[in-house]
Number of protein chains: 2
Amino acid sequence: MITVLKGTHDVILDEASKYTYVEQVLIRVAETYGFKEFRTPIIEASNLFTRSVGDSSDIVRKEMYTFLDKGERSITLRPELTAGVVRSMVNNKLFIEQDYPKKAYYVGPCFRYERPQQGRYRQFNQFGVECVGVNNSYRDSEVIILAYNALKMLGFKDITLKINTLGDEESRLNYKTVLKEYFKEHLNSMCPDCHERYNLNPLRILDCKVHEDQEIVKNAPKMSNFLTENAKKAFEEVKAILTENGVKYDVDDSLVRGLDYYSGVVFEFHYTSKQGKNYGAIGAGGHYNKLVKELEGPDIEGIGFAMGIERLVSVMNDDNLFDEIDLEDTMLDVYILPIGEENIAYSLSFANKLRSLGYATEVCLENKGMSQMFKKAERRRAKLALILGENEIKNGEVVVKNLALKEQETIKMEDLVEYLDEILIKEE
Amino acid sequence: MITVLKGTHDVILDEASKYTYVEQVLIRVAETYGFKEFRTPIIEASNLFTRSVGDSSDIVRKEMYTFLDKGERSITLRPELTAGVVRSMVNNKLFIEQDYPKKAYYVGPCFRYERPQQGRYRQFNQFGVECVGVNNSYRDSEVIILAYNALKMLGFKDITLKINTLGDEESRLNYKTVLKEYFKEHLNSMCPDCHERYNLNPLRILDCKVHEDQEIVKNAPKMSNFLTENAKKAFEEVKAILTENGVKYDVDDSLVRGLDYYSGVVFEFHYTSKQGKNYGAIGAGGHYNKLVKELEGPDIEGIGFAMGIERLVSVMNDDNLFDEIDLEDTMLDVYILPIGEENIAYSLSFANKLRSLGYATEVCLENKGMSQMFKKAERRRAKLALILGENEIKNGEVVVKNLALKEQETIKMEDLVEYLDEILIKEE
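Since the model is a prediction, treat every value here as computed from it, not as a measurement. Each chain has its residues counted from 1, running along the sequence as written. To read the labels, note that chains go from A and ligands from 1, taken in the order they are written. A pLDDT threshold of at least 70 governs which residues receive local features in this predicted model, and a stricter bar of 80 or more applies before side-chain atom pairs are shown or counted, although totals over entire chains, interfaces and linings include all residues. In computing side-chain values, all of the structure's heavy atoms are included and hydrogens and water are not.

*Asks:* Looking at this structure, how should I read the overall build of chain A?
*Replies:* Looking only at helices and strands, chain A features 15 helices and 17 strands. Its C-alpha atoms give chain A a radius of gyration of 28 Å, more than 25% over the compact-globule value 22 Å for 428 residues. Projected onto its principal axes, the C-alpha coordinates of chain A cover approximately 90 × 50 × 50 Å. Three exposure classes are used, based on accessible area relative to the maximum for each residue type with a 1.4 Å probe and protein chains only: buried under 20%, partly exposed in between, and exposed over 50%. Considering chain A as a whole, with its 428 residues, one finds that 60% of them fall into the buried category. Working rule for contacts: check all heavy atoms of both residues, and any pair within 4.5 Å makes them a contact. Residue pairs at least 24 apart in sequence account for 69% of intrachain contacts in chain A once pairs closer than 6 positions are excluded. Accessible surface, chain A: about 18000 Å² in total, of which carbon and sulfur atoms supply 47%. Taken together, the 56 basic and 70 acidic charged side chains of chain A have centroids lying 3 Å from each other. A run of H or I in DSSP counts as a helix once it spans at least four residues, and a run of E counts as a strand once it spans at least two, with each numbered from the N terminus. Restricting the calculation to C-alpha atoms gives the radius of gyration, and the globule rule supplies 2.2 Å times the number of residues raised to the power 0.38. To be clear on the numbers: accessible area is Shrake-Rupley with a 1.4 Å probe, and residue cover counts the displayed protein chains and nothing else. Counted charges follow a simple rule, with Lys and Arg positive, Asp and Glu negative, and His plus the chain ends left uncounted. Charge coordinates come from a single atom per side chain, which is NZ of Lys, CZ of Arg, CG of Asp or CD of Glu.

*Asks:* Explain the nonpolar core here, please?
*Replies:* Residues belong to one nonpolar core when they are buried, are Ala, Val, Leu, Ile, Met, Phe, Trp, Tyr or Cys, and are joined through side-chain atoms within 4.5 Å. If you look at the biggest cluster of nonpolar residues, it comprises 130 residues, and the most contacted ones within it are Leu77, Phe183 and Leu206 of chain A together with Leu77, Phe183 and Leu206 of chain B. In contact with Leu206 of chain B, not counting residues within four places along its chain, are Tyr175, Leu179, Phe183, Val217, Ala220 and Val256 of chain B.

*Asks:* Help me understand the state of the cysteines, please; the structure alone is not making it clear to me.
*Replies:* Linking two cysteines covalently through their sulfur atoms gives a disulfide. Disulfides are defined as cysteine sulfur pairs within 2.5 Å. A complete count under the given rule lists zero disulfides over all chains for this structure. Free of any disulfide, Cys131 of chain B has its nearest cysteine sulfur in Cys364 of chain A, 12 Å distant.

*Asks:* I would appreciate a short explanation of the environment of Lys180 of chain A in the present structure.
*Replies:* All names here are of chain A. Positionally, Lys180 belongs in helix H6 (residues 169-186). Considered as a pair, Lys180 and Pro202 are 22 residues apart in the sequence and their alpha carbons are 6.4 Å apart. When neighbours within four sequence positions are excluded, Lys180 is seen to be in contact with Tyr198, Asn199 and Pro202.

*Asks:* How should I be thinking about a positive patch on the surface in this particular structure?
*Replies:* Residue and element names in this part refer to chain A. Each patch is built from residues lacking any salt bridge and having more than 30% relative accessible area; the joining distance is 9 Å for like charges and 5 Å for nonpolar side chains (Val, Leu, Ile, Met, Phe, Trp, Tyr). A pair is scored as a salt bridge if a Lys or Arg side-chain nitrogen falls within 4 Å of a carboxyl oxygen belonging to Asp or Glu. A cluster of basic residues, Lys152, Lys157, Lys248 and Lys274, forms a positive patch on the protein surface. With respect to the secondary-structure elements, Lys248 resides in the loop between helix H9 (229-244) and strand E9 (250-251). Judged by its relative accessible area of 68%, Lys248 falls in the exposed class.

*Asks:* Could you clarify how one ought to interpret the relation of the copies chain B and chain A in this entry?
*Replies:* Relating the two copies of this chain is a rotation about some axis coupled with a shift parallel to it. When chain B is fitted to chain A, the residual RMSD is 0.1 Å, and the transformation amounts to a turn of 180° plus an axial shift of 0.0 Å. Viewed as a symmetry operation, the transformation between the two copies matches a two-fold axis. In terms of proximity to the rotation axis, the leading residue of chain B is Phe67 of chain B, whose C-alpha is 3.3 Å off the axis. Here 100% of the interface residues in chain B have copies in chain A that are interface residues too; the copies meet face to matching face. All copies are superposed by least squares; the fitting set is the C-alpha atoms of residues with a pLDDT of at least 70 in both.

*Asks:* What should I look at first to understand the sheet that holds strand E9 (residues 250-251) of chain B in this one?
*Replies:* Within a beta sheet, neighbouring strands are joined by backbone hydrogen bonds and run either parallel or antiparallel to one another. For two strands to pair, DSSP has to find at least two bridges joining them. Here we have nine strands laid out as an open sheet, ordered E1(A)-E2(B)-E6(B)-E7(B)-E12(B)-E11(B)-E10(B)-E8(B)-E9(B), and mixed in their pairing. Here the strands that pair on one side only, and so sit at the sheet edges, are strand E1 (11-12) of chain A together with E9 of chain B. Here the axes come from fitting lines to C-alpha atoms, over the contacting stretch only for helices, and the angles between their N-to-C directions go from 0 to 180 degrees. Contacts from helix H9 (residues 229-244) of chain B reach strand E8 (159-165), E9 and strand E10 (262-272) of chain B within the one sheet, and its direction differs from that of E8 of chain B by about 160°.

*Asks:* Mind showing me how you'd approach the pattern of salt bridges here?
*Replies:* Where charged atoms from two side chains of opposite charge approach closely, those side chains can pair. Residues and elements named next belong to chain B. Across all of its chains, the model carries 66 salt bridges over all chains by this definition. A salt bridge links Arg87 to Glu44; the nearest nitrogen and oxygen atoms lie 2.9 Å apart. With Arg87 in helix H4 (residues 82-91) and Glu44 in strand E3 (residues 43-45), the pair connects residues that are 43 residues apart, well separated along the chain. Across the pair, exposure class does not vary: Arg87 and Glu44 are buried alike.

*Asks:* What's the story with the interface of chain B and chain A in this structure? I'm lost.
*Replies:* Many structure descriptions define interface size as the accessible area lost when the parts assemble. Facing the 95 residues of chain B at the interface are 95 residues of chain A. At the boundary of chain B and chain A, one finds 16 salt bridges. Among the salt bridges present, the one from Glu366 of chain A reaches Arg139 of chain B, with a minimum N-O distance of 2.7 Å. Ten residues, namely Ala, Val, Leu, Ile, Met, Phe, Trp, Tyr, Cys and Pro, are considered nonpolar, four, namely Asp, Glu, Lys and Arg, are considered charged, and the remaining ones, Gly among them, are considered polar. In terms of residue class, the side of chain B that touches chain A is made up of 42 nonpolar, 23 polar and 30 charged. Pairing geometry for strand E2 (residues 36-39) of chain A and strand E1 (residues 11-12) of chain B, over two bridges, is antiparallel. Pairing of Phe38 of chain A across the sheet is with Ile12 of chain B, part of E1 of chain B.

*Asks:* In this structure, what is going on with the confidence of the model for chain A? I would like to understand it.
*Replies:* The predicted model of chain A has a mean per-residue pLDDT of 93, with 99% of residues at 70 or higher. For this predicted complex, the interface score ipTM comes out at 0.94, while the overall pTM is 0.95. A residue's pLDDT is simply how confident the predictor is in it, with values from 0 to 100.

*Asks:* Can you walk me through the sheet that holds strand E12 (residues 301-308) of chain A in this structure?
*Replies:* Spatially, E9(A)-E8(A)-E10(A)-E11(A)-E12(A)-E7(A)-E6(A)-E2(A)-E1(B) is the arrangement adopted by the nine strands of the open sheet, whose pairing is mixed. Both outer strands of the open sheet, E9 of chain A together with E1 of chain B, are each paired with one neighbouring strand and no more. As paired strands, strand E10 (residues 262-272) of chain A and strand E11 (residues 278-288) of chain A are joined by seven bridges and run antiparallel to one another. For His270 of chain A, the partnering residue across the bridge sits in E11 of chain A and is Ala281 of chain A. Its contacts with the sheet put helix H4 (residues 82-91) of chain A on E2, strand E6 (102-111), strand E7 (123-134) and E11 of chain A together with E1 of chain B, and the angle it makes with E6 of chain A is roughly 135°.

*Asks:* Help me out: how do you make sense of the packing of aromatic side chains in this one?
*Replies:* In this description, a pair of aromatic rings is defined by centroid distance and the angle of the planes. All names here are of chain A. For Phe, Tyr and Trp, rings pair up if their centres lie within 6.5 Å, where Trp contributes its six-membered ring, and each pair is then called stacked (planes under 30 degrees apart), edge-to-face (over 60) or tilted (otherwise). In the structure shown here, the tally under the stated rule is 30 aromatic pairs over all chains. Ring centres of Tyr65 and Tyr113 lie 5.6 Å apart, and the angle between their planes is 75°; on these two criteria the pair is classed as edge-to-face. You can see Tyr65 sitting in strand E4 (residues 65-68) and its partner Tyr113 sitting in the loop between E6 and E7, a full 48 residues away along the chain. One exposure class covers both Tyr65 and Tyr113, and it is buried. A ring pair is formed by Tyr148 and Phe269, whose centres lie 6.5 Å apart and whose planes are at 40°; its orientation type is tilted.

*Asks:* I would appreciate a short explanation of the environment of Ala234 of chain A in the present structure.
*Replies:* Residue and element names in this part refer to chain A. You can see Ala234 is positioned in helix H9. Residue classification places Ala234 among the partly exposed positions, given a relative accessible area of 32%. With 88 residues separating them along the chain, Ala234 and Leu146 place their C-alpha atoms 19 Å apart.

*Asks:* Is there a simple way to think about helix H8 (residues 211-218) of chain A in this case?
*Replies:* Each full turn of the α-helix corresponds to 3.6 residues, which orients residues three or four apart in the same direction. Residues and elements named next belong to chain A. Buried residues of H8: Asp213, Ile216 and Val217, and no others. Seen along its axis, H8 keeps its buried residues to an arc of 100°; they face one direction. Seen from the buried face of H8, the exposed residues on the opposite side, beyond 90 degrees, are His211, Glu212 and Lys218. Where H8 is buried, its residues contact H6 and helix H7 (192-200). Think of it as the arc spanned by the lines of direction from the helix axis to the C-beta atoms.

*Asks:* Teacher, can you tell me more about the environment of His211 of chain B here?
*Replies:* Residues and elements named next belong to chain B. Note on placement: His211 falls in helix H8 (residues 211-218). By relative accessible area, His211 is classed as exposed at 55%. Taking the C-alpha atoms as reference, His211 lies 64 Å from Lys353; in sequence the two are 142 residues apart.

*Asks:* Is there a simple way to explain the packing of helix H1 (residues 13-32) of chain A against helix H5 (residues 137-153) of chain A in this structure?
*Replies:* Describing two packed helices takes the angle between their axes plus the distance from one axis to the other. Residues and elements named next belong to chain A. H5 packs onto H1 with a crossing angle of 140° between their chain directions and a minimal axis gap of 9 Å. If you check the angle between H1 and H5, you find them oblique. Crossing geometry of H1 relative to H5 is assigned as right-handed. On H5, the residues that touch Val25, Leu26, Val29 and Ala30 of H1 are Leu146, Ala150 and Met153. Here the residues of the contact of H1 with H5 are counted per class, giving seven nonpolar, no polar and no charged. Just so you know how the angles are binned, under 35 degrees is roughly parallel, over 145 roughly antiparallel, 65 to 115 roughly perpendicular, and the rest oblique. Definitions for this section: a left-handed crossing has its near helix turned counterclockwise from the far helix by less than a right angle. A right-handed crossing has that turn clockwise.

*Asks:* I'm lost on unusual backbone geometry in this one. Help?
*Replies:* Glycine aside, residues mostly have negative phi angles, and peptide bonds mostly take the trans form. Note that the residue after Tyr100 of chain A, namely Pro101 of chain A, is joined by a cis bond; omega there is -10°. You can see Pro101 of chain A is positioned in the loop between H4 and E6. Even without being a glycine, Glu72 of chain B presents a positive backbone phi close to 65°. Note on Glu72 of chain B: relative accessible area 59%, which makes it exposed. Unusually for a residue other than glycine, Lys93 of chain B sits at a positive phi of about 60°.

Set out below in structure tokens:
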């Protein structure tokens, strides 16, 4: 049997409704902050990601779906969306009028060839925003506040915002020198990946997941001791604005993000359930200062974040956050039961009329018995069953059964729409 | 500069709103017919498509993005969605309870390595439905009516529905034999592709786009003369039900679809604008009888259709169909102008309050002059500009300017929400 590829998954029926719900909430919040939708391609030139996400990142080094197309181009299934969104802003000349910032949101699939784990997929959906052309801490803070409020809107309580700063370039240069010195002594005992990281970008070593290496990482010098005055000031400003807007945070010295383009403030949202289960990061992002220029745009900075939809849905499922949400539009309004084969044609036309009025309607077109049709109506979670037989049609009537209340009555055809409007719209 | 790959495109800002609008209308119509969302992966095992879309189709022969992943699996970016949706129904055991039909809709990207042409992309979005487990002509008709009404809902007038039948297997076997005899004589003068088609599936020759071959195709024997009685009866039934439901159609003998899984009724929607411009097919589909079994499901049949979102948007743009549609949610409700740097912090908090009330709000955080801020408000198509200066904040007031009416008034803070509700909700 042909099945889904390892690390991919079907999202169907009620599960799909949850995905759509989560995405719609996030989109709605982003739109209230004035962000506009950007849909960039899933396939991009591979060098877009080597240039932006960075050669030294695990994503580019190990996890990209890269291949040659029939025209011998090296193309990659996007592992993230920031690079594509910034590229699209440059290509579409959005920066020409210098009317900053440009505010984009996106939602769509990304691909990383990772070892499949609980709740991690090789194809997964990300929602995120990019605010590009920012030159002050208010913009950084605004995006963090957006992310924070979006999670609140989804029902997450007690979110922990962890923030850190990667400083400006000077800070990072200083820090990298010190880090190299520190790790030099320990390198023999560290994993092969860390050897490579040491050469490419020693900051990446701080991300290492190998247990033994983490001990060494723990005692490494801290970024905070190598910040320039400017970098310190910017970080202090962000913290002050967050506090002013009621957003609590923990400064986490060990927070570096796994993509090379970040500089300045970086952040992660962590979540622990009411039952005390720690779900780790459910959203993350940061400030970037060279990404736009790297992609041939002007020398402007930006900030963005991303959240994995799979991850959000999985945590919300696990923590019962969907229980409080009315996914009522997963229900059917009307199920029509034609009595006898000769009334199926009429019932289909009748169903189409109700559909054109906006009522989600199904009709049994398979000539089944009454009890089987009622079973079908229930399986499809219909609110009302409409019975159309010889007599009803002749008399211009219809029998309506409310499947929740188990009540049945006969309605004149000419009164039906008003009746449905009352029952079905009142219920909403 | 890194640009989009040939044949792909960015969809951003207002253009993205149009895509979303079109998709939402289609989804809403499908839901009124009781269809449920299915999200299947973009990457699938390659043999899913060789088995379903078929070895003899142009898609599989020439157009698929197929490559090996890091685990040496042959994977393919889906060229269409029917195969994945049916696979997902089988894998997720939806057929076990035999509660037919199963009704799925989908919307998402597909990939075909075609020569890029006006309005055709290598990455494009499809919307479609699949109704699986159908055993009578009502279900076939219902899906065609859904597609027809969906196009009407988008504003298309004067749609031409072309239908044909590919008959049952016996009909097709008879027809293929006769076709082979007919083309045998002409094969020397036909294109290399047709030679291959001749061996793989002579029906595919009817699809040939080469001008000289089309002359030969025109005189080929017609399917309609080789239909079994059952196949004829099924086609007559569909035509009768369509007529009964006010759907006009033209029978088009030359209509065969480019995928191998179709049998029975096939259809295309063609559109000609008010100005007489012929846009060709804007949606198409058909009945399939062996696809489910081919993918290891039960021996049941189905029907579906797909529409290209790029194509729909392009035709609607060209024919001004968006003019009559209110894409008002692309507008901003409020743009806040802080007078002086010292009021930016307050203005940001204030913006966040309006956002939490659901108003799409932006705030100038860059310390600009008044006239520049008004220009920004207009560029962002804000309905209202809110001015927050020293005096306003001290007096608990705000100056509100209606940017359409060019009227300005001073409102007490405590009355602002009511004022906004009235202005902004009334406008909708």
